[in-house]
Amino acid sequence: MSSIEDAIAAIHDRAPRTVAVLTGAGVSADSGIPTFRGAGGLWRNFHPQQLATPEAFRRDPALVWEWYEWRRGLIRDAHPNAAHEAIARLSDAAVITQNVDGLHARAGSRNIIELHGNIFRVRCTREGTRTMHEQAFDEIPPHCACGALLRPDVVWFGESLSNEDLAKAAAVVRDADIVLIIGTSGVVYPAAGLAPLAQGITIEINPDASEAAEHVRYSIQMRAAQATPRIISAIEEARA
Ligand code: OAD
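A quick note: this is a predicted structure, and the numbers were derived from the prediction, not measured.

Each value, and the rule that gives it
Residues numbered from 1 in each chain as written. Predicted model: local features only at pLDDT ≥ 70, side-chain atom pairs only at ≥ 80, totals over all residues. Heavy atoms only, no water. Buried < 20%, exposed > 50% of the residue type's maximum accessible area, 1.4 Å probe, protein only. Helix = DSSP H or I, 4+ residues; strand = E, 2+ residues; numbered from the N terminus. Arc of directions from axis to C-beta. Contact = heavy atoms within 4.5 Å. Axes fitted to C-alpha atoms, helices over the stretch in contact; angles between N-to-C directions. Parallel < 35°, antiparallel > 145°, perpendicular 65-115°, else oblique. Left-handed = near helix turned anticlockwise from the far one by under 90°. Nonpolar A, V, L, I, M, F, W, Y, C, P; charged D, E, K, R; others polar. Near = heavy atom within 4 Å. Polar contact = N/O pair within 3.5 Å; in protein donor to acceptor, adjacent residues only side chain to side chain. Areas by Shrake-Rupley, 256 points an atom, 1.4 Å probe, with all protein chains shown as cover. Pairing = 2+ DSSP bridges.

Enquirer: Just to check I follow, could you spell out helix α1 (residues 4-14) for this structure?
Expert: Counting along an α-helix, one turn takes 3.6 residues, and residues three or four places apart therefore face a common direction. All of the buried residues along α1 are Ile4, Ala7, Ile8, Ala10 and Ile11. Buried residues of α1 fall within an arc of 160° about the axis and therefore sit on the same side. Residues of α1 that are buried in the fold lie against β7 (178-182), β8 (201-205), β9 (218-220) and α9 (224-239). Once α1 finishes, alanine 15 follows within two positions and takes phi at roughly 45°, a positive value.

Given below as structure tokens:
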């Protein structure tokens with residue numbers, strides 16, 4: 001564990017130009033969206049790992065869609081918090097997120113890699129066509145005009161991430177003068193394999209112990225909305 005003051009001092013010493021930000025569900029916890037592995041992660045006694053799979057969707061698409069409609073509703077009503085907003089102030093930062101909630105974009109970040117997709121995008125299971133659909137569906141499970149089932153355009157357990165996104169994310173992390181790792185348990189690969197690639201200053205923000213901590217130099221045990229604005233301000237000051 002490190003103090004935020006130590007991390008801020010390192011930022012002032014290094015005056016980082018290139019910034020990469022790796023985020024997980026914890027960055028949105030302060031917006032009221034439950035994390036996957038924390039309290040509130042259960043829905044009707046199901047773990048996300050039981051529902052976010054191709055097998056669960058094949059077995060019971062209506063159940064999986066009910067869970068997604070619940071999450072889509074929570075996210076629709078949520079707002080970016082001080083952490084998303086501070087990150088968006090650094091317009092040149094590359095944001096690499098495991099989150100499907102779109103809150104970084106709503107906060108104004110532009111350079112975003114959504115490793116696990118976006119919960120408001122849907123994909124036809126027959127044609128593969130992707131469309132944004134933010135509103136609640138009238139019919140559950142929803143169907144494409146072609147008659148096939150629609151699915152959320154997110155990456156489920158057992159599915160592959162885009163190789164192109166992963167390669168780009170790895171390059172960005174390797175080249176960054178500073179890498180912030182915010183609100184991830186660091187247990188889901190391949191996303192969890194990105195932080196160890198960092199060569200610059202590494203700072204984790206997470207109120208609890210995580211698997212990511214062993215790969216970082218500074219581990220700040222604070223909530224994202226508390227610590228992130230201070231870290232981002234330090235980067236702005238160091239660059240000024
Ligand atoms: P997890 O739910 O595994 O972990 C969330 C992390 O956020 C934990 O380490 C918490 O301690 C931390 N946390 C909680 N509140 C926080 C706060 N206010 N500020 C900062 N951190 C906080 O979520 P992820 O690591 O994102 O994948 O999970 C990775 C992937 O597993 C998800 O993208 C999803 C999931 O199941 C798929 O669906 C494929």
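That was the structure; now back to the text.
Enquirer: How should unusual backbone geometry be read in this particular structure?
Expert: Note that the residue after isoleucine 140, namely proline 141, is joined by a cis bond; omega there is -5°. Among the secondary structure elements, proline 141 is positioned in the loop between β5 (130-132) and β6 (150-154). In this structure, proline 190 follows tyrosine 189 across a cis peptide bond, with omega equal to 5°. Within the secondary structure layout, proline 190 lies in the loop between β7 and β8. Even without being glycine, arginine 44 reaches a positive phi, approximately 45°. The phi dihedral of asparagine 45 falls on the positive side, at around 70°, and the residue is not glycine. Within the secondary structure, asparagine 45 sits in the loop between α2 (26-29) and α3 (48-51).

Enquirer: Would you explain the packing of α1 against α9 in this entry?
Expert: How two helices pack is summed up by the angle between their axes together with the distance between the axes. Two elements in contact, α1 and α9, have axes separated by 9 Å at closest approach and are oriented at 20°. Taken together, the axes of α1 and α9 lie roughly parallel to each other. Taken as a pair, α1 and α9 cross one another with a handedness that is right-handed. Here Ile4, Glu5, Ala7, Ile8, Ile11 and His12 of α1 lie close against α9, whose contacting residues are Ala227, Arg230, Ile231, Ala234, Ile235, Glu237 and Ala238. Its residues assigned to classes, the contact of α1 with α9 shows nine nonpolar, one polar and three charged.

Enquirer: Explanation requested: the site of the ligand in the structure shown.
Expert: Near the ligand lie 21 residues; those nearest to it are Phe36, Arg37, Thr184, Ser185 and Asn206. Phenylalanine 36 is positioned with one of its backbone polar atoms (N or O) 2.8 Å from an oxygen atom of the ligand. A total of 790 Å² of accessible area belongs to the ligand in isolation, and the protein chains cover 91% of it. Residues belonging to the shell around the ligand are distributed by class as follows: eight nonpolar, nine polar and four charged.

Enquirer: So what exactly am I meant to see when it comes to helix α6 (residues 82-89) here?
Expert: Here α6 has its buried residues at Ala83, His84, Ala86, Ile87 and Ala88. Buried positions along α6 lie against β1 (19-23), α2, β2 (94-97), α7 (103-107), β7 and α9. Put simply, asparagine 81 is the residue that caps the front of α6, since its side-chain oxygen is 2.7 Å from the backbone nitrogen of alanine 83.

Enquirer: What is the right way to look at the sheet that holds β6 in this model?
Expert: Sheet strands pair via backbone hydrogen bonds, and the direction of the pair is either parallel or antiparallel. A sheet is described by the order of its strands in space; here three strands give the open sequence β5-β4-β6, paired in antiparallel fashion. Of all strands in the sheet, those with a lone pairing partner are β5 and β6, marking the two edges. For this sheet, the mean angle separating the axes of adjacent strands, direction not counted, is 45°. In this sheet, β5 lies alongside strand β4 (residues 117-124) in antiparallel orientation, the contact comprising three bridges. Looking across to β5, one finds that arginine 123 is bridged to arginine 130. Strands in contact with helix α5 (residues 61-77) are β4 and β6; relative to β4, the strand with the most contacts, it is inclined by about 140°.

In short, the description is geometric, and any link to function would need to be established separately.
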